[in-house]
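Chains, contacts and geometry: an overview
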Amino acid sequence: MAGAAETPAAAGVSHVYPHGSRLNERGRLEIGGCDVIELAEEFGTPAYVYAEDDMRIRAREFLSAFERRTDRFEVVYASKAFPCTAVYKLMAEEGLSCDVASGGELFLALRGGFDPAKIYMHGNNKSVAELEYAIEQGVGTIVIDSFDELERLERMAPGQRVMLRVTPGIKPDTHAYISTGQEDSKFGFGVDEVPRAIAAIENLDLVGLHAHIGSQVFQLDPYEKLAEVLTGVGEYPRLNLGGGLGIAYTQDQKPPSIDSYVESLLRGAPDGVTVLCEPGRSLVGNAGVTIYRVGTVKSIPNVRTYVAVDGGMSDNLRPMLYGAHYEAEIADRFGGHSLCTVAGKHCESGDILVSDVLLDEPRPGDVLVTPATGAYGHAMANNYNGIPRPPVIFCRDGDARVVVRRDTYEDLAARDAV
Ligand code: LLP
């Protein structure tokens, strides 16, 4: 059962791994009760392996952190972090609402069983077709991002419930590519523009303001400040403070707890206002690991040892896009003293998944694991170099099930029109 999962620290693996993970009697990593070496044999590599209970535990942590303090809240799963039918289903079962950033995510959310009334639609440039689809499906709230969109919606959907996206001029300490709250942003209305936007609304049902300051944020004070800035703009029944709570990618990282994050969100908001948040990464990031098979080990004396695995920038773009750091281990020999660089199999020198990691004498055939790939891994996977994208495997109580299958070579040609 979800609540009963062993904590990672108690089981010989760090908090970077999913709840309930451990090294079993054979010294092999176990996720959701499943031995990952056996998973590699059964399902092949690379593969995204998730502890299903981990996501449920975190969803419940968000809900109970609010429930202990208020009954005016909504936890909205930012589904861009991990959009697949099984996850939408899981988050809907846990009672969360859902944010979609495109017609495609909306399609998947509906397919996963989300009540359209609990869906929030985002996007700085939603197409007319996407807006029509959202309106026709009865999407509960559309978050308006620009004057052009406001005009469009006034014509298309009188009475539609909307929020306004605001860029609050707050810049958290994170990578520039995933910082969205600063004034110089393609998203939303600057604080000074909001009165003009509000004045332009005639037929829409404006229920509140929205802002997302960025992602992988470890400080909490920007969230308190955010609630204050939005409150200063006007009084609305609902404030959506976005997502962004950071997670640990490496053992030394200690992000704030979900509880203290929620505390900060509520601290800045006035009484009587319903506070919404949109966690993505913090719900799914640590729930997933990627397993690879080592293919070659190349030692360049006095330079570097490259351990090449059967994936890379097609299944994890984050190191290349954001310089993100990951850990790695040989799945049945944790710990080690050989300084290695884990490379992918793509035809680019920049296809490096982990630089400078200590591994236990890696050799071809080993299963290598990188933890904390649960958010924006599967989501940003691609077919570069004609590599089939990995499957997604959910593990729970020792049972493993494929929730997204591996691409086939036929899939690679599925859209070719000749
Ligand atoms: N709400 C809005 C409006 C967002 O744009 C995002 C993320 C979130 C919520 C969820 O943020 P989270 O809680 O996951 O940090 N591909 C990047 C992340 C881009 C995030 C974009 N928006 C990465 O791999 O780090």
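Everything here concerns the structure above.
Reference entry: report on the structure contained in this document. (Residues numbered from 1 in each chain as written. Predicted model: local features only at pLDDT ≥ 70, side-chain atom pairs only at ≥ 80, totals over all residues. Heavy atoms only, no water.)

**Observations concerning the pairing of strand β17 (residues 338–343)**
Within β17, five of the six residues are buried, which leaves the element mostly enclosed by the surrounding structure. Bridge analysis of strand β15 (residues 304–309) against β17 gives three bridges, and the strand direction is parallel. Residue Val307 lies in a different strand from β17, and its bridge partner there is Val342. Pairing analysis gives five bridges linking β17 to strand β18 (residues 352–359), with the strands arranged antiparallel. Paired with Leu339 across the two strands is Leu358, which belongs to β18. (Buried < 20%, exposed > 50% of the residue type's maximum accessible area, 1.4 Å probe, protein only. Helix = DSSP H or I, 4+ residues; strand = E, 2+ residues; numbered from the N terminus. Pairing = 2+ DSSP bridges.)

**A look at the site of the ligand**
Around the ligand there are 18 residues in total, and Ser215, Glu278, Arg318, Tyr322 and Tyr376 lie nearest to it. Side-chain polar atom of Ser215 to an oxygen atom of the ligand: 2.5 Å apart, as the coordinates give it. Between the ligand and Tyr322, the relevant distance is 2.8 Å, taken from a nitrogen atom to a side-chain nitrogen or oxygen of the residue. Expressed as a share of its isolated accessible area of 580 Å², the protein-covered part of the ligand is 91%. (Near = heavy atom within 4 Å. Polar contact = N/O pair within 3.5 Å; in protein donor to acceptor, adjacent residues only side chain to side chain. Areas by Shrake-Rupley, 256 points an atom, 1.4 Å probe, with all protein chains shown as cover.)

**Examining the side chain of Asn316**
Along the chain, Asn316 turns up in the loop between β15 and α11 (318–322). Only 3.1 Å separates the side chain of Asn316 from the backbone nitrogen of Arg318, close enough to count as a polar contact.

**Observations regarding the pattern of salt bridges**
Enumeration over the complete set of coordinates arrives at 28 salt bridges. Taking the shortest distance from any N to any O, the salt bridge between Arg333 and Asp366 comes out at 2.7 Å. Separated by 33 residues along the polypeptide, Arg333 in the loop between β16 (329–330) and β17 and Asp366 in the loop between β18 and β19 (367–371) bring together distant segments of the chain. A salt bridge links Arg405 to Asp411; the nearest nitrogen and oxygen atoms lie 2.6 Å apart. Residue Asp411 is classed as partly exposed on the basis of its relative accessible area, which comes to 24%. One salt-bridge network, held together by shared partners, links Glu52, Asp53, Arg56, Arg60, Lys89, Glu93, Glu94, Arg396 and Arg401. (Salt bridge = Lys/Arg side-chain N within 4 Å of Asp/Glu carboxyl O.)

**Topic: the pairing of β15**
Successive residues of a regular strand alternate their side chains across the two faces of the sheet. Two strands pair when backbone bridges link them, and strand β14 (residues 288–300) and β15 are joined in this way by six bridges, in the antiparallel orientation. Considered in β15, the bridge of Lys298 is made with Tyr306. With antiparallel pairing between neighbouring strands as the criterion, β14 and β15 make up a hairpin whose turn holds three residues, including Asn302 at a positive phi of roughly 60°.

**Comments concerning the nonpolar core**
Within the largest apolar cluster, 77 residues are counted, with the highest numbers of intra-cluster contacts made by Phe82 and Met91. At six residues, helix α2 (residues 52–67) tops the list of elements feeding residues into this core. Taken domain by domain, the makeup of this core includes at least three residues from each of domain 1 (9–52 + 285–412) and domain 2 (53–282). Filtering out sequence-adjacent residues up to four positions away, Met91 remains in contact with Met55, Ala59, Tyr77, Leu96, Phe114, Leu283 and Val284. Residues Val13, Ile31, Val294 and Val307 belong to the second largest nonpolar core, which totals 40 residues. (Core = buried A, V, L, I, M, F, W, Y, C linked by side-chain atoms within 4.5 Å. Domains from an automatic or database assignment. Contact = heavy atoms within 4.5 Å.)

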